[in-house]
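Chain residues, written in single-letter form:
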Amino acid sequence: MKIKQYDLVIFDWDGTLMDSIGKIITCIENMARALQLPIPSESDIIGLSMTEALRVLFPQGLNLSASSVYSQPQHPKNAFGQGEDDQYQQMRAEFKAQYLHLDATPTPLFAQAPLLIDELHTQGYQLAVATGKARAGLDRVFEQTGLGRYFVASRCADEVHSKPHPEMISSLLKELNIAPNRALMVGDSLLDLTMAANAGIDSVGVTYGAHSAEKLLRAKPIALIDSPAQLLQYL
């Protein structure tokens with residue numbers, strides 16, 4: 001069933017176009033082991049900027065658990081003599097090393113994603129990306145996958161507020177001169193769809209990524225799809 005016509009389709013990246021959720025979680029766990037931190041049990045962070053995700057997963061920074069030998073009162077600097085920002089910078093650096101060099105988990109595009117993007121481009125849609133990745137990370141996967149040429153604009157979590165703040169979308173709409181009712185967000189997490197709602201645009205949830213259909217429905221998307229190609233049924 002076709003839904004109303006749009007001019008701009010905005011895609012999340014991880015878990016929507018690229019099958020990378022498993023690697024992200026694995027690398028966070030490996031980072032924790034490397035820095036002798038507890039393995040986090042919370043995994044509902046996909047879509048956040050890495051710094052925001054680390055703050056959720058490790059609210060004490062590099063301070064170890066209360067039962068450790070470093071169980072001392074909290075201060076602006078931790079047991080390693082680092083300020084809070086330095087702690088999360090070290091975590092990000094270790095995560096990056098794990099993701100780029102140490103972990104071999106593959107991160108392929110979902111099988112139908114390239115055909116979907118090519119078809120939407122052929123049909124005349126403007127395409128954009130709004131992602132929790134940093135700019136360097138998005139530029140890297142744009143080049144690796146060859147998909148970068150299809151997207152007229154993109155926003156990353158180190159450039160604007162992290163999801164679910166609407167700034168990623170609102171700044172894209174302003175740059176491309178697109179009215180909110182002419183834009184559609186496609187994403188796999190509740191953060192993606194909530195961001196769309198906060199920006200006043202429609203959304204489609206994908207059920208093959210981070211979150212279940214039941215969870216995605218909380219943000220009231222106009223449709224749910226079980227594979228990338230199913231989006232063509234609605235556009």
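This section reports on the structure supplied with the text. In this text the structure is predicted, and so the values were computed from the model without any measurement. (Residues numbered from 1 in each chain as written. Predicted model: local features only at pLDDT ≥ 70, side-chain atom pairs only at ≥ 80, totals over all residues. Heavy atoms only, no water.)

**Remarks on helix α7 (residues 190-199)**
Then, number 1: Among the ten residues that make up α7, seven are buried, leaving the element largely enclosed by the rest of the structure.
Then, number 2: What α7 keeps buried is the set Leu190, Leu191, Asp192, Leu193, Met195, Ala196 and Ala199.
Then, number 3: Considering only its buried residues, α7 is in contact with β2 (126-131), α6 (167-176), β4 (183-187), β5 (202-206) and α8 (213-216).
Then, number 4: Just past α7, the residue Gly200 takes up positive phi, approximately 80°. (Buried < 20%, exposed > 50% of the residue type's maximum accessible area, 1.4 Å probe, protein only. Helix = DSSP H or I, 4+ residues; strand = E, 2+ residues; numbered from the N terminus. Contact = heavy atoms within 4.5 Å.)

**Notes on the sheet that holds β5**
Then, number 1: The strand order across the open sheet built from six strands is β3-β2-β1-β4-β5-β6, with neighbouring strands paired in parallel fashion. On the outer flanks of this sheet lie β3 (153-156) and β6 (223-225), each paired with one strand and no other. Averaged over all neighbouring strand pairs, the angle between strand axes comes to 20°, with direction disregarded.
Then, number 2: Where β2 and β3 come together, four bridges link them in parallel fashion. Bridged to Ala128 within β3 is Ala153. (Pairing = 2+ DSSP bridges. Axes fitted to C-alpha atoms, helices over the stretch in contact; angles between N-to-C directions.)

**So, the side chain of Ser203**
Then, number 1: Residue position: Ser203 is located in strand β5.
Then, number 2: If near-sequence neighbours (up to four positions away) are discounted, Ser203 is found in contact with Leu184, Met185, Leu193, Ala196, Pro221, Ile222 and Ala223.

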